[in-house]
Amino acid sequence: MPLPLDLADYEQTASRMTAILKEYHRVKDNPTELRNFYRSLDRDFVLGSSIYIPGYTKEVPSYLDDTFLRHNQAAAVHHLNYWPMYTHAHSFVEMIYTGSGSCHNIADDGVLNLTAGDLLIIPPNLRHAVFANSGGIIINLIFTVDYLRNHYSAVFRQNCPINDFFADIMMGKPPTKCLLCHVEDNAPFYNLAELMLNESLHRADSDILNDLLILIFRLIHREAQVSTPGNVLGSRTMYDIFHILQEDFSHITLQMLSERLHFSPDYIGRLIKSATGKTFSDLLLEIRMKHACFLLGRSNLPVREIAIQCGYAYSDQFYKRFKVYTGVTPAEYRVRERSEEWQTDFDI
């Protein structure tokens, strides 16, 4: 996803782009509201910022090659919240870093929920999709196979899972699964990823980008727990379930979900429980409450409107569910979040 290169304007631009994407996410299933949304857009801004709005802008390529990185072998890209989910693959390696909040990586073989401190390394040619709506900060660190050959392999030689993973890539045998890394002390990774994003947006000095990524890998080697996330390898059906829940959480029911997927409600319920450890109701509640928390912290919408957007026709029902989920009332949550110094989607 190309980003504006004027660093001074980036924060404002990213916030504006996110607001547009969020509004698209809200109206996309209502043809009348969607048409009005298209008419209201500033076309020059949308096209100039390379924002992706289905039905309005060109489709994003389903396959990206090394030219996406332009003149460097490594770069960082800010993944905006509410960026429409689309399945794609690429010739380079991608590391999805969750600095705060959460996001979801979806592949043909399952769904992986990423939280703060997670780094998911995606090999070349693996089809996947990413979706974030928690208000968190997600940074994609991308680098070519040549980067691994020219820089990484000269520094890291010991036998370990991450080196084996990259060795297969360098030998032209990309793994068919991702590699998940997690760090308890998130601050050093966040700072380095922020520096790498700043450099990508500003001067894009290839030597600095290469060195910053090496520092990130040094921290991974020293601090991270590394694993192949086999516990999330589900079926194509689980991919569809998660996609539908993210798109239609305000009104979806287990019966509706089952009918759309042509399975019985009991089967869908067991599949969700097996893949996530949660019941359908618990998973739906979690998605709704996370969306409510985002709106309370980042918008001035009345609580009643937030309740309706989250699928609750009656405010008292929403208040009760929210209090049980968070331990505070919606009003208390909003006051608490507003009392902190809120950053936009990414602070430069």
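Placed above this text is the structure.
Rules used in this analysis
Residues numbered from 1 in each chain as written. Predicted model: local features only at pLDDT ≥ 70, side-chain atom pairs only at ≥ 80, totals over all residues. Heavy atoms only, no water. Buried < 20%, exposed > 50% of the residue type's maximum accessible area, 1.4 Å probe, protein only. Helix = DSSP H or I, 4+ residues; strand = E, 2+ residues; numbered from the N terminus. Pairing = 2+ DSSP bridges. Axes fitted to C-alpha atoms, helices over the stretch in contact; angles between N-to-C directions. Parallel < 35°, antiparallel > 145°, perpendicular 65-115°, else oblique. Contact = heavy atoms within 4.5 Å. Nonpolar A, V, L, I, M, F, W, Y, C, P; charged D, E, K, R; others polar. Phe/Tyr/Trp six-rings, centres within 6.5 Å; stacked < 30°, edge-to-face > 60°. Lys NZ or Arg CZ within 6 Å of the ring centre and 35° of its normal. Disulfide = S-S within 2.5 Å. Arc of directions from axis to C-beta. Expected span 1.5 Å × (residues − 1).

Asker: Report on the pairing of strand 7 (residues 118–122), specifying residues and quantitative values.
Answerer: With respect to burial, strand 7 is a largely interior element, five of its five residues being buried. Where strand 4 (residues 93–100) meets strand 7, four bridges bridge the pair, whose relative direction is antiparallel. In the strand pairing of strand 7, Met95 is matched with Ile121. Bridge count for strand 7 against strand 10 (residues 179–182) is four bridges, and the pairing is antiparallel. Looking at the pairing, Asp118 lines up with His182 of strand 10.

Asker: Just give me the short version of the packing of helix 11 (residues 280–298) against helix 13 (residues 315–326), but keep the residues and values in it.
Answerer: Relative orientation of the contacting elements helix 11 and helix 13 amounts to 95°, with a least axis distance of 11 Å. Of the possible angle classes, the one that applies to helix 11 and helix 13 is roughly perpendicular. Along the contact surface, helix 11 presents Leu285, Glu286, Met289, Lys290, Ala292, Cys293 and Leu296, while helix 13 presents Phe318, Arg321, Phe322, Tyr325 and Thr326. Here the contact of helix 11 with helix 13 is built from residues that sort into eight nonpolar, one polar and three charged.

Asker: I'd like a description of the packing of aromatic side chains, backed by residues and values.
Answerer: Counted under the stated rule, the structure contains 18 aromatic pairs. Taken together, the ring pairs connect Phe143, Tyr147, Tyr152, Phe165, Phe166 and Phe217 into an aromatic cluster. The residue whose ring lies beneath Arg16 is Phe45, and the NZ or CZ to ring-centre distance is 3.8 Å. Over the aromatic face of Tyr312 sits the side chain of Arg288, whose NZ or CZ is 5.2 Å from the ring centroid.

Asker: Summarise the sheet that holds strand 10; cite the residues concerned and give the values.
Answerer: Pairing is antiparallel across the open sheet formed by six strands, whose spatial order is 2-9-4-7-10-11. Each having just a single partner strand, strand 2 (74–79) and strand 11 (225–227) make up the two edges of the open sheet. Direction aside, neighbouring strands of the sheet carry axes that sit 20° apart on average. Strand direction decides the pairing type here: strand 2 and strand 9 (residues 137–143), joined by six bridges, are antiparallel. Across the sheet, the residue bridging to His78 is Ile139, located in strand 9. In the packing of helix 6 (residues 187–201) onto the sheet, contacts are made with strand 2, strand 4, strand 7 and strand 9, and the angle to strand 2 comes to roughly 100°.

Asker: Please give an account of the state of the cysteines that cites residues and values.
Answerer: Considering all chains together, one arrives at zero disulfides under this definition. A disulfide-free cysteine, Cys293 has its sulfur positioned 8.9 Å from the sulfur of Cys310, the nearest such atom.

Asker: Describe helix 5 (residues 161–170), and please don't skip the residues or the numbers.
Answerer: The complete set of buried residues in helix 5 reads Ile162, Asn163, Phe165, Phe166 and Ile169. Seen along its axis, helix 5 keeps its buried residues to an arc of 160°; they face one direction. Gly172 lies just past helix 5 and shows a positive phi near 80°.

Asker: Which residues make up the sheet that holds strand 8 (residues 128–131), and what are the values?
Answerer: The sheet built from three strands is open, its strands ordered 6-5-8 with antiparallel pairing. Whereas interior strands pair on both sides, the edge strands pair on one side only; in this sheet they are strand 6 (110–115) and strand 8. Each strand of the sheet is rotated relative to its neighbour by a mean of 20°, with strand direction disregarded. As paired elements, strand 5 (residues 102–107) and strand 6 share six bridges and run antiparallel to each other.

Asker: Provide a residue-level description of unusual backbone geometry, including the pertinent values.
Answerer: In the Ramachandran plot, Asn125 falls in the positive-phi region, its phi being about 70° despite a non-glycine side chain. Considering the arrangement of structural elements, one finds Asn125 in the loop between strand 7 and strand 8. Look at Asn125 and you get partly exposed, because its relative accessible area is 46%. Of note, His262 is a non-glycine position whose phi angle comes to about 65°, a positive value.

Asker: Can you break down helix 11 residue by residue, with the values?
Answerer: For helix 11, which comprises 19 residues, the first-to-last C-alpha distance of 27 Å matches the rise-based estimate of 27 Å (1.5 Å per residue) to within 8%. In terms of burial, helix 11 is a largely internal element, 15 of the 19 residues being buried.

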